[in-house]
Each structure stands twice: as C-alpha cells, then as structure tokens.
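Now for the letters of each chain:
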Amino acid sequence: QVQLVESGGGLVQPGGSLRLSCAASGFTFSDYAMSWVRQAPGKGLEWVSDINSGGGSTFYADSVKGRFTISRDNAGNTLYLQMNSLKPEDTAVYHCAKWAWAVVDTESRTYDYWGQGTQVTVSS
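Residues numbered from 1 in each chain as written. Predicted model: local features only at pLDDT ≥ 70, side-chain atom pairs only at ≥ 80, totals over all residues. Heavy atoms only, no water.

A. Focus on the overall build of the protein. Scanning the protein for helices and strands turns up zero helices and eleven strands. When the helices and strands of the protein are listed from N to C terminus, the series reads β-β-β-β-β-β-β-β-β-β-β. Computed over its C-alpha atoms, the radius of gyration of the protein comes to 13 Å, within 12% of the 14 Å expected for a compact globule of 124 residues. For the protein, the C-alpha atoms occupy an extent of roughly 40 × 25 × 25 Å along the three principal directions. The proportion of buried residues among the 124 residues of the protein is 42%. The contacts in the protein between residues at least 6 apart in sequence include a share of 57% that link residues at least 24 apart. A total accessible area of about 6000 Å² is found for the protein, and carbon and sulfur atoms account for 46% of it. Of the side-chain charges in the protein, 9 are positive and 11 negative, and the distance between the mean point of each set is 5 Å. (Helix = DSSP H or I, 4+ residues; strand = E, 2+ residues; numbered from the N terminus. Rg over C-alpha atoms; globule rule 2.2 N^0.38 Å. Buried < 20%, exposed > 50% of the residue type's maximum accessible area, 1.4 Å probe, protein only. Contact = heavy atoms within 4.5 Å. Areas by Shrake-Rupley, 256 points an atom, 1.4 Å probe, with all protein chains shown as cover. Lys, Arg positive; Asp, Glu negative; His and termini not counted. Charge placed at Lys NZ, Arg CZ, Asp CG, Glu CD.)

Written out as structure tokens, the structure is:
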C-alpha cells in the first residue's frame, strides 16, 4: 500500500531554515510527480511546490519562490523541501502528495495520495 510519511517539521524563528522529508513506499517513486501542499490554521489547502518524476522540472507558488527548494532522491524514495528565510506566514501543516502520473500539469493539480503532514511553526 502507498505510504507517505513526512518529517522534519518543528518550531523555528523567523529567518530560520528547516528541511522537510517525505519517505515514500508502496509504489515506484521514480515514476510519479510529487508535490508539497500546506494548510495554515483555519485556512484551506495551499499548493507550495511540484517536481516531475525525474526531478528535472520544478514549480513554486509565488509566496515561496526564491526561499523554498523542492528536490527528490529517487534512489532513496524520498522527497524534500528545503525552506529558508522562513516567515510567520509559513506556519502550517505541510503534506507531501503523490500525482497519478509522471509529469506535472500546472493547469490541473490532482493527487491520489497524501501524507499525514508535519507541523511547521515560525515564531519568535
């Protein structure tokens, strides 16, 4: 069965950094695009970033562009999100999500599996 397990969240001061990981199992990780999506307290889901199956193409929401970097290790079945220059508005539960295909479709983001998420809190 497909499993996505996020880790690496925590409490960090504004301007700090965190690296999130998503350990994938139960499917051929290198065959599918992946994404990070977040949900702030009391708000809806917000797309953060995508990466194609091979890692060659990445996409970012304007709110994180230049500060966050998505990457993947297909040999180790792990997705990453390096978050720098964190702001209080980045506080949210961060989920990794699996696409049903290899190539990101920026017109229609559709995921077939989600992880439980990891909490990121940015506060002084």
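B. Quick peek at the packing of aromatic side chains. According to the stated counting rule, one finds five aromatic pairs in the structure shown. On the numbers, 5.9 Å between centres and 65° between planes, the contact of F27 with Y32 is edge-to-face. With 5.3 Å between their ring centres and 85° between their planes, Y111 and W114 make a pair best called edge-to-face. The class of W114 is partly exposed, set by a relative accessible area of 37%. Among the aromatic residues, ring-to-ring pairing joins W99, W101, Y111 and W114 into one connected group. Positioned above the aromatic ring of F29 is the side chain of R72, whose terminal nitrogen or guanidinium carbon lies 4.3 Å from the ring centre. Taking the ring centre of F27 as reference, the NZ or CZ of K98 above it sits at 5.3 Å. (Phe/Tyr/Trp six-rings, centres within 6.5 Å; stacked < 30°, edge-to-face > 60°. Lys NZ or Arg CZ within 6 Å of the ring centre and 35° of its normal.)

C. Structural context of the environment of P41. Mapped onto the fold, P41 is located in the loop between strand 4 (34-39) and strand 5 (45-51). Between the C-alpha atom of P41 and that of C22, which follows or precedes it by 19 residues, the distance is 21 Å.

D. Representation of the sheet that holds strand 3 (residues 18-25) within the structure. Overall, antiparallel pairing links the four strands, which are arranged 1-3-8-7 in an open sheet. The open sheet terminates on both sides in strands that have one partner only, identified here as strand 1 (3-7) and strand 7 (68-73). Here the average twist between neighbouring strands, direction ignored, is 15°. Note that strand 1 and strand 3 share five bridges and pair antiparallel. If you follow S7 over to strand 3, its bridge partner there is S21. (Pairing = 2+ DSSP bridges. Axes fitted to C-alpha atoms, helices over the stretch in contact; angles between N-to-C directions.)

E. Examining the state of the cysteines more closely. According to the stated counting rule, one finds one disulfide in the structure shown. Residue pairing for C22: its cysteine sulfur links by disulfide to C96, the two sulfurs lying 2.0 Å apart. The sign of the 55° torsion about the S-S bond sets the C22-C96 disulfide as right-handed. Of this pair, C22 sits in strand 3 while C96 sits in strand 9 (residues 92-99), and the two are 74 residues apart along the sequence. Of the residues examined, C22 reaches a relative accessible area of 0% and is grouped as buried. On the basis of relative accessibility, which here comes to 0%, the residue C96 falls in the buried class. (Disulfide = S-S within 2.5 Å.)

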